[in-house]
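# Descriptive analysis of the structure
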Amino acid sequence: IKQNADWLFDKINHCPSYPYDHQMLFTDSKVSLIPETFYYSSQTSFITEKTYKTIYNHHPFTMLGTAGLLKVLRSKGYKTFDGICDETYDICPNDRKRVELVIEATKELVQSSKHEDIDIITKHNFTQLEKNALATVEQLNNFILKNFS
């Protein structure tokens, strides 16, 4: 059993029951269509590690989630791919139609020849992710010093 467990965790190397193949996800593909946790209009906007991993890996993306997720990302300083693909899916209140629109936007992003523009956006987003992470660490440190010193 221990041998099987060691083999399994060697293969997973991310977290139990979730194989994470970095090359397949980010090197061998042109675009990520991120399926965020919440999708229906009645649910809250919530951005998870699926989006942040994509940004960390300098990968262009579209997002299938609740309407307004791209707006939330932009409010945190990230850039999206408007002008390279049609991002009206982000404001579409109809859940079924939003799926159709995000699929079309993903196709546009895959077929885009604006590689330099995409590269500028993905580099900006990586830098913004670093800034946001450092700001969060600073906030946590300040909170700990203020409340537990």
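Going by the structure above, here's the rest.
Figured I'd write up the structure that's included with this text.

Rules used throughout
Residues numbered from 1 in each chain as written. Predicted model: local features only at pLDDT ≥ 70, side-chain atom pairs only at ≥ 80, totals over all residues. Heavy atoms only, no water. Pairing = 2+ DSSP bridges. Helix = DSSP H or I, 4+ residues; strand = E, 2+ residues; numbered from the N terminus. Right-handed = clockwise from strand over helix to strand, strands pointing away. Core = buried A, V, L, I, M, F, W, Y, C linked by side-chain atoms within 4.5 Å. Buried < 20%, exposed > 50% of the residue type's maximum accessible area, 1.4 Å probe, protein only. Contact = heavy atoms within 4.5 Å. Arc of directions from axis to C-beta. Axes fitted to C-alpha atoms, helices over the stretch in contact; angles between N-to-C directions. Parallel < 35°, antiparallel > 145°, perpendicular 65-115°, else oblique. Nonpolar A, V, L, I, M, F, W, Y, C, P; charged D, E, K, R; others polar. Polar contact = N/O pair within 3.5 Å; in protein donor to acceptor, adjacent residues only side chain to side chain.

## Some details on the pairing of strand β2 (residues 61-64)
Sheet topology places strand β1 (residues 32-35) next to β2; four bridges connect them, and they run parallel. Counted as the bridge partner of Ser32 is Phe61 from β2. With respect to chirality, the unit in which β1 leads through helix α3 (residues 49-56) into the neighbouring parallel β2 is right-handed.

## Quick word on the nonpolar core
Residues Phe61, Met63, Leu73, Phe81 and Leu109 are the most contacted members of the largest nonpolar core, which totals 20 residues. For this core, the secondary-structure elements that each account for two or more residues are β2, α4 (69-75), α5 (95-111) and α6 (115-148). In this structure, Phe61 is in contact with Val31, Ser32, Ile34, Thr54, Ile55, Leu70, Leu73, Phe81, Leu109 and Asn125, ignoring residues within four places of it in sequence.

## Quick notes on α3
Listed in full, the buried residues belonging to α3 are Thr51, Thr54 and Ile55. Buried residues of α3, seen end-on, are gathered within an arc of 100 degrees and therefore sit on one face of the element. A positive phi of about 55 degrees marks His58, the residue just after α3.

## Points about unusual backbone geometry
Peptide bonds are trans in most cases, and residues, glycine excluded, mostly fall at negative phi. At His58, a residue that is not glycine, the phi angle is positive and equals roughly 55 degrees. Secondary-structure assignment places His58 in the loop between α3 and β2.

## Description of the packing of α3 against α6
Two elements in contact, α3 and α6, have axes whose closest approach is 8 Å; the angle formed by their N-to-C orientations is 120 degrees. With respect to each other, α3 and α6 are oriented oblique. Along the contact surface, α3 presents Tyr52, Ile55 and Tyr56, while α6 presents Asn125, Phe126 and Leu129. Looking at the contact of α3 with α6 residue by residue, the class counts come to five nonpolar, one polar and no charged.

## Considerations on the side chain of Thr66
Relative to the helices and strands, Thr66 is located in the loop between β2 and α4. When its relative accessible area of 3% is taken as the criterion, Thr66 is described as buried. Among the polar contacts made by the side chain of Thr66, one reaches the side chain of Ser45 at a distance of 3.3 Å. Ignoring anything within four residues of it in the chain, the contact list for Thr66 reads Phe38, Tyr39, Tyr40, Gln43, Thr44, Ser45, Asp90 and Arg98.

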